[in-house]
Amino acid sequence: MLTDLFAGSLADAARRLESKPLAEVEKQALSNSPALNAMEFLAPAETIKILAEVKRASPSRGQMAEIPDPAALAEIYANYGASAISVLTEERKFKGSLSDLEAVRARVNVPLLRKDFISTEHQILEARAAGADIILLIVAGLPESNIARLMEFTIQLGMTPFVETHSGEELKIALGLGAKLVGVNARDLSTFETDRDLFSRLVSEIPADVIKVAESAVRNADDVAHYRINGADVVLVGEALVTNDPAAMLKSFLSAGKS
């Protein structure tokens with residue numbers, strides 16, 4: 001599944017290059033307003049930070065929400081306490097697009113994560129051109145040397161690399177590369193099964209100067225409280241927000257996530 005997701009995203013990026021040459025994408029990326037400093041917005045605080053996701057579908061759950069106006073949803077997220085917003089741009093299984101990212105950027109003033117299966121500098125330039133501030137890099141899908149190269153490119157553009165891990169070995173790679181925003185995803189992207197206790201088993205290995213993000217398996221406020229008690233600085237939440245009242249859910253998450 002993960003191999004197919006990366007291949008699909010790469011093929012879609014190649015298709016976009018046919019209509020928008022790399023030089024044009026680069027020009028737009030470099031002329032955009034500087035990226036927001038995600039590390040400041042997501043820095044540890046007395047209350048857990050929420051990275052709220054605009055997410056229509058997934059390979060494991062299928063269609064979850066129509067979301068005809070992603071910018072309106074993002075505005076609710078920002079107004080009700082989300083510190084940053086993740087926008088799915090993968091087109092095939094998650095039903096997202098770069099247009100969603102551009103629309104959200106025009107509406108909110110918090111950092112935006114381009115959530116996709118990134119493997120090239122072109123995709124990072126696309127993200128910056130569309131207004132993203134954070135780039136997702138998935139250790140399970142990339143050789144270590146590629147992650148290092150893409151992290152450096154992301155930083156050169158003034159953006160923040162968000163390095164996602166799914167195991168102790170992947171966490172060692174992320175930390176060895178100097179990642180300062182690190183996610184532990186309860187969902188294995190090879191099998192799409194979840195392990196709700198993975199974060200609590202790995203968190204002690206993450207240094208204090210690294211922002212710790214718990215990803216997936218957040219169904220309700222109790223799950224947020226569980227992650228917080230176990231040391232999460234940030235939780236990334238998608239499905240629970242798009243399938244319920246997002247404002248009410250965010251209120252409950254932030255209340256449950258107090259130290």
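Structural notes, computed from the coordinates. Small disclaimer: the values here were computed from a predicted structure and weren't measured.

Conventions used here
- Residues numbered from 1 in each chain as written.
- Predicted model: local features only at pLDDT ≥ 70, side-chain atom pairs only at ≥ 80, totals over all residues.
- Heavy atoms only, no water.
- Helix = DSSP H or I, 4+ residues; strand = E, 2+ residues; numbered from the N terminus.
- Buried < 20%, exposed > 50% of the residue type's maximum accessible area, 1.4 Å probe, protein only.
- Contact = heavy atoms within 4.5 Å.
- Salt bridge = Lys/Arg side-chain N within 4 Å of Asp/Glu carboxyl O.
- Pairing = 2+ DSSP bridges.
- Axes fitted to C-alpha atoms, helices over the stretch in contact; angles between N-to-C directions.
- Phe/Tyr/Trp six-rings, centres within 6.5 Å; stacked < 30°, edge-to-face > 60°.
- Core = buried A, V, L, I, M, F, W, Y, C linked by side-chain atoms within 4.5 Å.

## Structural notes on the side chain of Ser-86
As for its position among the elements, Ser-86 is in strand β4 (residues 84–88). By relative accessible area, Ser-86 is classed as buried at 0%. In this view, Ser-86 contacts Leu-51, Ala-52, Glu-53, Val-54, Leu-113 and Lys-115; residues no more than four positions away in its chain are not counted.

## Describing the pattern of salt bridges
Here the structure, examined in full by the defined rule, presents 20 salt bridges. For Arg-16, the salt bridge identified is with Glu-91, shortest N-O distance 2.9 Å. Highlighted residues: Arg-16 in helix α1 (residues 2–19) and Glu-91 in the loop between β4 and α5 (98–105), separated in sequence by 75 residues. With relative accessibility at 16%, the residue Arg-16 sits in the buried group.

## Some remarks on the sheet that holds strand β8 (residues 181–185)
Taken together, the 8 strands give a closed barrel; going around it, the order is β1-β4-β5-β6-β7-β8-β9-β10, and neighbouring strands pair in parallel fashion. Across this sheet, the average inter-strand angle for adjacent strands is 25°, counted without regard to direction. Here strand β5 (residues 112–115) pairs with strand β6 (residues 134–138) via 2 bridges, running parallel. Note on β6: the bridge partner recorded for Leu-113 is Ile-134. Docked against the sheet, helix α7 (residues 144–156) engages β6 and β7 (160–165), running at close to 150° with respect to β7.

## Comments concerning the packing of aromatic side chains
Taken as a whole and assessed by the stated rule, the structure comprises 3 aromatic pairs. Centroid distance Phe-94 to Phe-117: 5.9 Å. Interplanar angle 35°. Geometry classified as tilted. Of the two residues, Phe-94 sits in the loop between β4 and α5 while Phe-117 sits in the loop between β5 and α6 (121–129), which places them 23 residues apart along the sequence. Residue classification places Phe-117 among the buried residues on the basis of a relative accessible area of 5%. With 5.7 Å between their ring centres and 80° between their planes, Phe-199 and Tyr-227 make a pair best called edge-to-face. You can see Phe-199 sitting in helix α9 (residues 198–202) and its partner Tyr-227 sitting in helix α10 (residues 221–229), a full 28 residues away along the chain. Look at Phe-199 and you get buried, because its relative accessible area is 2%.

## A look at the nonpolar core
Grouped together as the largest cluster of nonpolar side chains are 89 residues, with contacts concentrated most on Tyr-77, Ile-85, Phe-162, Tyr-227 and Phe-253. The element best represented in this core is β6, accounting for 5 residues. Here Phe-253 is in contact with Ile-48, Ile-50, Val-218, Asn-220, Ala-221, Val-224, Val-237, Ala-240 and Leu-241, once residues within four sequence places are set aside.

## Description of the pairing of β4
The element β4 is extensively covered by neighbouring structure, given that 5 of its 5 residues are classed as buried. Because side chains alternate across β4, one face comprises the buried residues Ala-84, Ser-86 and Leu-88, and the other comprises Ile-85 and Val-87, equally buried. In the sheet, β4 pairs with β5 via 4 bridges, with the strands oriented parallel. Within β5, the residue paired with Leu-88 across the bridge is Lys-115.

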